[in-house]
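# A look at the structure
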Amino acid sequence: MGNQRNRRTGPMAVLRHLLFGVALVAAPALAEDVVFIGWSQTEVGLKPTLEKIFAGFQATHPRDKLEVIGFPFGQMEQNLVLRRRNDQRMDVAQLQERWLPPFVAMNALYDLNQVIGADVLAARYDPDLLKLGQINGKQVAVPFTAGAITMVGNRKVLDAAGIKQPPRTLEEFTAALRKVKAWNKDVIPFGFSTKGISLIQVESTIVFWAFGARFIDEQGKVLVDSPQARDALKYLVDLVKEGLIAKGNDRFDTRKIFANDQVAFFFDPPVVRGFVRAQAGGPAADAKVMILPVPTLKAGDTPRGLLWAHFLVMFNQGGATGARDGAGAQLLTAVGMDAATQSVLWRETGQIPTLKTTLAEVGKDPYIQDFLAAAKTARWDETTFFANGAELRQIIGEEVEAAMLGGKSVDDAIRTMARRLDTALKAAR
Amino acid sequence: MAALAIGQPRGAAYLGAQQRFGFLLTVPALVAYGVLILYPFLNSARLAFYRSTLMAPEPVFRGLENFEQLFGDPDFLLSWLRTLVFVGATTALTVALGLGWAIVLNQGFRGARVLRSLSLLPWVMPSAVTALLWAWLLHGQYGILNAALLTLGVLDQPIAWLATGAWAMAAVVLAKTWLSTALVMTFFLASLQTLSSEQVEAARLDGAADRHVIRYIVLPHVRNTLLVVLVLQAMGNLQQIDVIYAMTGGGPVRATSVLSIEVYKTAFQNWNLGRASAIGVLWFLTIAIPAGIYLRTLFRE
C-alpha cells in the first residue's frame, strides 16, 4: 500500500507534499490515529502494567488517538493475517518469533532501520538481541522480551516431596516425577500440555531434542523418522501411561495449577513469574518459581530449551505511516524501547528486558540469569523459518497428541508425521 | 404506483405492473442476499478449484486437485463420519428430550409456567458461555463431575473427560443438546397446545394408557412439527462450530473435528483457502440434502 501511495506523483500530489512539508516544519506533528495490536495486555499477568503504559503514552500524546486491540495469543496470528488481507490499520503489533517469516514474505513490515534509525537501535540493543529481529538484511522487528522456554520447577512442591537436587538427566527427572506422585497423588508431577496442538508441538520439540531427535533440517529435509524420535515419543507416552503427565491440560491451565502448588514441573518461558504472581498473591510467590535447565539424555549433554521471543513490529498498511516522528514510531519507542518502561515491566511482571541499559540495571537478578543461561544453548523451533510453519507445527502437534492420548502407536505417529511433513514441505515449494 | 390506481382495467398491463412492483419489493432482500450470501458462496466455490493460501498473492487454478487430496485423506473422511455422528446423536437426543419435556409442561400442573420460563435459560445463554461451563464441569482436575463421582466412590481417580475421544464427543453432544432442547420444546409445546383435550379424555375413557395416548394421539398430532424440527435441528447441527470449538477445539486427536472445525482450521490455521473452500463445498452438499427435504415439506404445507 505504501508503494501505491508513493506512485501518486502528479503535480497536485507534489504540491500537497510540499505544503505538508511546510506544515511539518511550521507546526508540531499532526494528530494521528495509532493502533496497537497485541495479546499480552489481555493476559492476567501483564494486563495492569501494560494498561498503565498505554495510558501513559496517551497522556503524553494527547493529540494522537491510541486504539489498543487485544486478541488471545492463540488467535493472534490469524487476526493479524486477516487484517493484513483486508488492509486494516495496524501501526504497532506484538508478534511471536515464528510469525515473522510469513509477514516478511508478504512484505507487510517496515524496516525499522529506516523508521527508527539503525544508529538508534544499535545504541539501545545488544547486537545479538537485535539480530533476532533481522530477516533478509532488514530489521523487521525489535525484541520486546526474549529468553527461552525451559523447565520450571515448583520449589515448594519439590521440597515437600523430598527432592533435594534439581534433576539433570532424564533418568533423574523421571525418578523425581515418581517421587512427587508417591508423595501426593493429587499433584501433577509433569505439567506437559496434552491439550492445544501448538503447545504440544512446542513442548514435545524440547523433549525430542533432549533425545537427540530432529524434525526438519534447514533445507526442508524431514529427519523425524528416526530411532531418537521414537524414543522421545515413547518416553512421553510412558509418562502419560504412568500418570506422571495428566491428560486434558494446556499450559494456561497448568500455570494456574502450578501457582496453587499442584504441579511440580512444566515448560514455560520467562513470563511464568508474572502469572504465578497474579495467581498466587504477588511477589511473595516468586520464591516458589525455580528456573531449571532441560534434563538431558546423558550427564554432560548440553541442555536444549527453545529460543523464545516476543517482538514489536510496524505494519505498513491501512494508513499506518513509517515516519520517524509519526505516532506509530513514537508508540513503538514508548512501549518497547524505553528503559523506564522496561524496568516497570520487569519489576511488576517479571518480563525479561531487552535494552542494554535495563539489562545492565537488573541483569544480575538470578531469575534473569537463569533464563539467559537457558537461552545461550537454546535453539529456534525448526519450523520457524518455513512460510508454511503453521501447517508443519500442526502436523507435529497432532501426531504427538495422537500417540500421547493413545490414538496411535508411537511408530505409526512418527511414520505419519514424517509423511505428512514431507507432503506439506513439497506442496509449499 | 399510478398503474395500480383504483379504476384501472385489470388486463395484462395491470398484471405486468403488479409483477414488476412485486419484484421491486424483493430487490433490497435480493441485493442483500447477493452481496452477503451468494457472492461469497460462489467465490468460495470458485476457490475450491484453486491453490490459494492467505500468504500467496494470487490463487493458481488446479482443477480438482483439492478434492482429490480430500478424498485421499483418511482424516478428512473420518471428519465427515464424525460430523454424521455428532449431527445424528445431537438431533435425536434434542428432539426426544424436547418432545418429552413439552409433554410434561403441557400437563398444566402448578408451577408449569415458571418451569417453562426457566427451561428457556440455556437457549438464552451465549453458546460460548455454555461451552465454557460444560468444559469446567468436565475438567479433569477441577470438574464438578469428577468431584461428585470421586466423593460418591464411583471413581477412584479422576477421568479427563475431554481428553478421551469418545467422552469428548459425548460431551459436545450433551452440551449442544442442553443448549437446543429448550427451543425444540417450545415448538412441540405450541403444537401440543392445539391438541384437543376432549380427544385425550375420550381415549382415556376407552382405557388408553399413557403410552397409547402418546403413540396414537400425541405423536400423530405433532408429526408435521416433528419433521420440521428434525430437519431444522439437523441443519443447525451440521453448521455447529462455536460449542465444539470452545469446548475441545476439535480434539483430542481430531475426535470432535467436524466439518465446520475442519474448514476453520484449514483456512485460518493452515492458511489453505483453496482446500478449505473444497471442504466447504462438500459441507454445503451435505447440508443441502436435509435443507431440500425441509423446503419440500414447507412448500407442500
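Within chain A, the regular secondary structure consists of 19 helices and 10 strands. Relative to its length of 429 residues, chain A is compact, with a C-alpha radius of gyration of 23 Å against a globular reference of 22 Å. With respect to the three principal axes, the spread of C-alpha positions in chain A is 75 × 50 × 35 Å. With 429 residues in all, chain A has 57% of them scored as buried. Sequence-distant contacts in chain A: of pairs separated by 6 or more residues, those separated by 24 or more amount to 75%. Carbon together with sulfur atoms contributes 54% to the accessible area of chain A, which is approximately 17,700 Å² in total. When the 52 basic and 46 acidic side-chain charges of chain A are each reduced to a single mean position, those positions are 1 Å apart.

Opposite the 24 residues of chain A that make contact, chain B presents 21 residues. Interface area lost by chain A to chain B is led by Gln78, Arg85 and Gln394 of chain A, which between them contribute 24%. Our enumeration of links across chain A and chain B arrives at 1 salt bridge. With its nearest N and O atoms 3.4 Å apart, the salt bridge here joins Arg254 of chain B to Glu398 of chain A.

Another point: the side chain of Ser40 of chain A. Residues and elements named next belong to chain A. Within the secondary structure, Ser40 is located in the loop between strand E1 (33-38) and helix H3 (47-60). On the basis of relative accessibility, which here comes to 2%, the residue Ser40 falls in the buried class. When near neighbours in sequence (up to four residues on either side) are disregarded, Ser40 contacts Leu46, Lys47, Leu50, Gln94 and His310.

Side chains of residues three or four places apart in an α-helix project in the same direction, reflecting 3.6 residues per turn. All names here are of chain A. Counting buried positions over the 9 residues of helix H12 (residues 251-259) gives 7, a clear majority of the element. Within the span of H12, buried status applies to Arg251, Asp253, Thr254, Arg255, Ile257, Phe258 and Ala259. The backbone nitrogen of Phe252 lies 3.0 Å from a side-chain oxygen of the residue at the head of H12, namely Asp250. The first or second residue beyond H12 is Asp261, which carries a positive phi of 60 degrees.

All names here are of chain B. Taken together, the side chains of Val31, Tyr33, Val35, Leu36, Ile37, Leu38, Phe41, Leu42, Phe284 and Leu285 present a nonpolar region at the surface, about 940 Å² in accessible area. Of all the secondary structure elements, the ones that give two or more residues to the nonpolar patch are helix H1 (12-47) and helix H14 (273-300). Considering each element in turn, the nonpolar patch owes the most residues, 8 residues, to H1. One can find Val35 in helix H1. When its relative accessible area of 54% is taken as the criterion, Val35 is described as exposed.

This brings us to unusual backbone geometry. Here the amide bond leading from Gly251 of chain B into Pro252 of chain B is cis, since omega sits at -5 degrees, within 30 degrees of zero. Looking at the secondary structure, you find Pro252 of chain B in the loop between helix H12 (242-247) and helix H13 (259-268). In the Ramachandran plot, Asn107 of chain A falls in the positive-phi region, its phi being about 55 degrees despite a non-glycine side chain.

Moving on: the packing of aromatic side chains. Tallied over the full model, the rule gives 24 aromatic pairs over all chains. Between Trp39 of chain A and Trp99 of chain A, the aromatic rings sit 5.4 Å apart at their centres with planes inclined by 75 degrees, giving edge-to-face as the arrangement. Here Trp39 of chain A is found in the loop between E1 and H3, whereas its partner Trp99 of chain A is found in the loop between strand E3 (92-96) and helix H5 (100-105), with 60 residues between them in sequence. For the ring pair Phe49 of chain B and Phe67 of chain B, a centre distance of 5.5 Å and an interplane angle of 45 degrees mean the geometry is tilted. Highlighted residues: Phe49 of chain B in the loop between H1 and strand E1 (50-51) and Phe67 of chain B in helix H2 (residues 65-71), separated in sequence by 18 residues. Accessibility expressed as a relative area gives 30% for Phe49 of chain B, which makes it partly exposed. The exposure class of Phe67 of chain B is buried, given its relative accessible area of 11%.

For the rest of this paragraph, the subject is the packing of helix H10 (residues 197-210) of chain A against helix H11 (residues 227-241) of chain A. Residue and element names in this part refer to chain A. Orientation of H10 relative to H11, taken along the N-to-C sense of each, is 125 degrees, at an axis distance of 8 Å. Taken together, the axes of H10 and H11 are oblique relative to one another. Crossing of H10 against H11: the hand is right-handed. Between H10 and H11, the contacting residues are Ser204, Val207 and Phe208 on the first element and Ala229, Ala232, Leu233, Tyr235 and Leu236 on the second. Per-class residue counts for the contact of H10 with H11 are 7 nonpolar, 1 polar and no charged.

Let us look at the confidence of the model for chain B. It should be kept in mind that the predicted coordinates are not to be read in detail where pLDDT is low. Residues and elements named next belong to chain B. For chain B, the average pLDDT comes to 88, and 96% of its residues sit at 70 or higher. Mean pLDDT in chain B bottoms out at H14, which sits at 84, and peaks at helix H8 (residues 165-192), which reaches 94. In the model output, the complex is listed with pTM 0.78 alongside ipTM 0.71.

Okay, the pattern of salt bridges next. One pass over the full model with this rule turns up 32 salt bridges over all chains. Measuring nitrogen to oxygen at the nearest pair gives 2.6 Å for the salt bridge that ties Arg98 of chain A to Asp381 of chain A. Of this pair, Arg98 of chain A sits in the loop between E3 and H5 while Asp381 of chain A is found in the loop between helix H17 (366-376) and helix H18 (389-404), placing the two residues 283 residues apart along the sequence. On the basis of relative accessibility, which here comes to 2%, the residue Asp381 of chain A falls in the buried class. Note that Glu218 of chain A and Arg214 of chain A form a salt bridge whose closest N and O atoms lie 3.7 Å from each other. Overall, Glu218 of chain A belongs to the exposed group, its relative accessible area being 60%. Owing to a relative accessible area of 26%, Arg214 of chain A belongs among the partly exposed residues under this scheme. One connected set of salt bridges, linked through shared partners, spans Glu398, Glu399, Lys408 and Arg420 of chain A together with Asp75, Arg254 and Glu262 of chain B.

Analysis parameters
Residues numbered from 1 in each chain as written. Chains lettered and ligands numbered in written order. Predicted model: local features only at pLDDT ≥ 70, side-chain atom pairs only at ≥ 80, totals over all residues. Heavy atoms only, no water. Helix = DSSP H or I, 4+ residues; strand = E, 2+ residues; numbered from the N terminus. Rg over C-alpha atoms; globule rule 2.2 N^0.38 Å. Buried < 20%, exposed > 50% of the residue type's maximum accessible area, 1.4 Å probe, protein only. Contact = heavy atoms within 4.5 Å. Areas by Shrake-Rupley, 256 points an atom, 1.4 Å probe, with all protein chains shown as cover. Lys, Arg positive; Asp, Glu negative; His and termini not counted. Charge placed at Lys NZ, Arg CZ, Asp CG, Glu CD. Buried area = accessible area lost by both parts, 1.4 Å probe. Salt bridge = Lys/Arg side-chain N within 4 Å of Asp/Glu carboxyl O. Polar contact = N/O pair within 3.5 Å; in protein donor to acceptor, adjacent residues only side chain to side chain. Patch = residues over 30% accessible without salt bridge, like charges linked within 9 Å, V, L, I, M, F, W, Y side chains within 5 Å. Phe/Tyr/Trp six-rings, centres within 6.5 Å; stacked < 30°, edge-to-face > 60°. Axes fitted to C-alpha atoms, helices over the stretch in contact; angles between N-to-C directions. Parallel < 35°, antiparallel > 145°, perpendicular 65-115°, else oblique. Left-handed = near helix turned anticlockwise from the far one by under 90°. Nonpolar A, V, L, I, M, F, W, Y, C, P; charged D, E, K, R; others polar. pLDDT = per-residue confidence, 0-100.

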